[in-house]
Amino acid sequence: MIVPRRVALRSLFALAVTAFTGGALGRVASRPEPGGTRDPHAFDEVYRGRRLLGFSGPGGEPTVLVDGWPLHLMRCADGGYVTPIDHYESCPTPLAATRAAVDELGTARLSPLAGAHGVPTDPTGGSPRGVHA
Amino acid sequence: MVYTRKNQRDLTGAERRKFVAAVLELKRTGAYDRFVRTHIDHYTADGEGRRRIAHMTPSFLPWHRKFLLEFETALRRIDPTVSVPYWDWTRDNSPASSIWREDFMGGNGRRADLQVMTGPFAHSAGRWTITQSMTDTRYLTRDFGRPRDPIALPTAAQLDEVMRERVYDAAPWNSTSATGFRNALEGWASGRGNDRFRIHNRVHRWVGGLMLGGGSVNDPVFWLHHAFVDLVWSRWQQRNPGAAYLPAEPPPLGDAQYRKVVARHEPMAPWGVTPVSMFDHSRIYRYA
Ligand SMILES: [Cu+2]
C-alpha cells in the first residue's frame, strides 16, 4: 500500500510522540504486509474528507490517526471508546469513536494533546505533564 | 468568612462585570490555561488499567469541588468580592437565556465553524485565545443543542430522579454503576440515542464545541455548570446526612477496581486532598 507523503511524515511525528509518551503508537511503521496476518484494528478510510487510519499499537491496543495526527482512544468499562474530542459518548468501536470525533472537528485538525492526554505515571492518578508542563 | 455562590440569573450587572473581569485577568496571566491543562491531564477512562480521579469514578464530585475552589480562590485573589455563580440548566434551558447575553458568557457558535462571535470570550474580542486544546483551533466554539441530532438540557424531573438515590456510589465504581448518586449525577447510562447522555454529561453535550471534549474548561461556562453540579451534591448531602463517601476503603487486591479509584481517605492528585476532606463546604461557601 502506498502511504501518502503527508501521512508518512505525520507518522514520523507519531513516532516522536511515542518516544515522549512511552509507546502508545509504536507500530505505525509496521502495519502488516499484504498476505500477512490481518491486523484486527486495521482500517483505512476517508470520512468527511479526513483520512482515518486504524492499526494495533505495541500492546495490541487499537490506535488511530486522523489525517496523520494521533487521536487518543480511551477504553471504557462498557467496552466502548471515548476520544479527547468527545468525552461523553462511548462508541462501540474504535472506528465509530474516530468518526464521532471527526463529526465534531469541523475544519480543525488535531493537536498533539489529542494524541496523548491524560498520560499516566503519577501513582495518585495525575499526568506527568501536569507536573512538568 | 463564608461567602455565597449565587444563581447567575440573579447577578446584578455589576456582579456580572466583575466576574467576567476577574476571569479575563486570570486568562491574561496564564493561570486560566493552567486550570484547563489540569483538567485535561486528569481525564482517564474506566476501561484502562489506570487510576481514575476526575471522571467515571467516585471522586468525580470531590475532585471537581476542589477544582472549583482552586479556581475561585484564584479569582478572589484578583477581586475578593467575586465568587463562582451557578447555572441552573433545568430553569435557564434555552439559547435565549440571559446567561448567554453579550455582557456575560456570550452566545452560541456561528453555523459555519461554531465560532462564538459575541461576548467577552469571543476570540474576536481579543482577550480569549485558546492554547490548551485538542485541536489547532484558537477560538471558543459552541453548538447549542446539537442541531444535526437535537438534544435538550436535563429537566427538573430528571434531576429529582437523581435526588432520590440514597447511597453515594456503588460498585463497580465507574460509568457502569447502575445505582448510586454519583453516577446518576455524572450521567453515564446505557441505552440508545440521547438517553445515553444524562444530567452532567448531557449539559456538556448540549453546549457542544469545546465543552464536549478534554478542553471543556476553555469555555468559562464550565465553572457555572460545575458549580450547579456541586450545588446539587450539596443539597443531596443535606437530605442524606448519613450518606458518607464510598468506597470507604480501597478495593482490595483481586478486585477489578484495585488501585483504580480513590477511597474516602486517599489523596487526590494534583492537590493531595482526600474525598472526605471535601465533604463539608459550609465553612467556606454557601449556595443562595
Ligand atoms: Cu463536567
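With that out of the way, let us pick up the environment of V84 of chain B. Residue and element names in this part refer to chain B. Of note, V84 is situated in the loop between helix 3 (60-78) and helix 4 (156-163). Judged by relative accessible area, V84 falls into the buried class, the value being 0%. C-alpha of V84 to C-alpha of V217: the two residues are 133 residues apart in sequence and 14 Å apart in space. Once residues within four sequence positions are removed from consideration, V84 is found in contact with R5, K6, F19, F71, E72, L75, W223, L224 and A227.

We now examine the pairing of strand 3 (residues 62-66) of chain A. Residue and element names in this part refer to chain A. Across the five residues that make up strand 3, a large majority, five, are buried. A two-sided burial pattern is seen for strand 3, the buried positions comprising P62, V64 and V66 on one face and T63 and L65 on the other. Once strand 3 ends, the chain turns through two residues before running back antiparallel as strand 4 (residues 69-71), passing D67 with a positive phi of about 50°.

Listed per partner, the contact involves 36 residues of chain A and 36 residues of chain B. Here chain A and chain B share an interface that buries about 3100 Å² over both sides, 54% of which is from carbon and sulfur atoms. Counting the contacts that link chain A with chain B gives six salt bridges. Its salt-bridge partner being E104 of chain A, residue R148 of chain B comes within 2.7 Å of it at the nearest N-O pair. On inspection of chain A and its partner chain B, the count reaches 15 residue pairs in polar contact (both at pLDDT 80 or more). At the level of secondary structure, the elements contributing two or more residues to the side of chain A that touches chain B comprise strand 5 (74-75), helix 2 (94-105), helix 3 (112-116) and helix 4 (128-132) of chain A. The dominant element in the side of chain A that touches chain B, judged by the number of residues it contributes, is helix 2 of chain A, at three residues. Among the residues making up the side of chain A that touches chain B, the classes are represented as 16 nonpolar, eleven polar and nine charged.

Each value, and the rule that gives it
- Residues numbered from 1 in each chain as written.
- Chains lettered and ligands numbered in written order.
- Predicted model: local features only at pLDDT ≥ 70, side-chain atom pairs only at ≥ 80, totals over all residues.
- Heavy atoms only, no water.
- Helix = DSSP H or I, 4+ residues; strand = E, 2+ residues; numbered from the N terminus.
- Buried < 20%, exposed > 50% of the residue type's maximum accessible area, 1.4 Å probe, protein only.
- Contact = heavy atoms within 4.5 Å.
- Pairing = 2+ DSSP bridges.
- Buried area = accessible area lost by both parts, 1.4 Å probe.
- Salt bridge = Lys/Arg side-chain N within 4 Å of Asp/Glu carboxyl O.
- Polar contact = N/O pair within 3.5 Å; in protein donor to acceptor, adjacent residues only side chain to side chain.
- Nonpolar A, V, L, I, M, F, W, Y, C, P; charged D, E, K, R; others polar.

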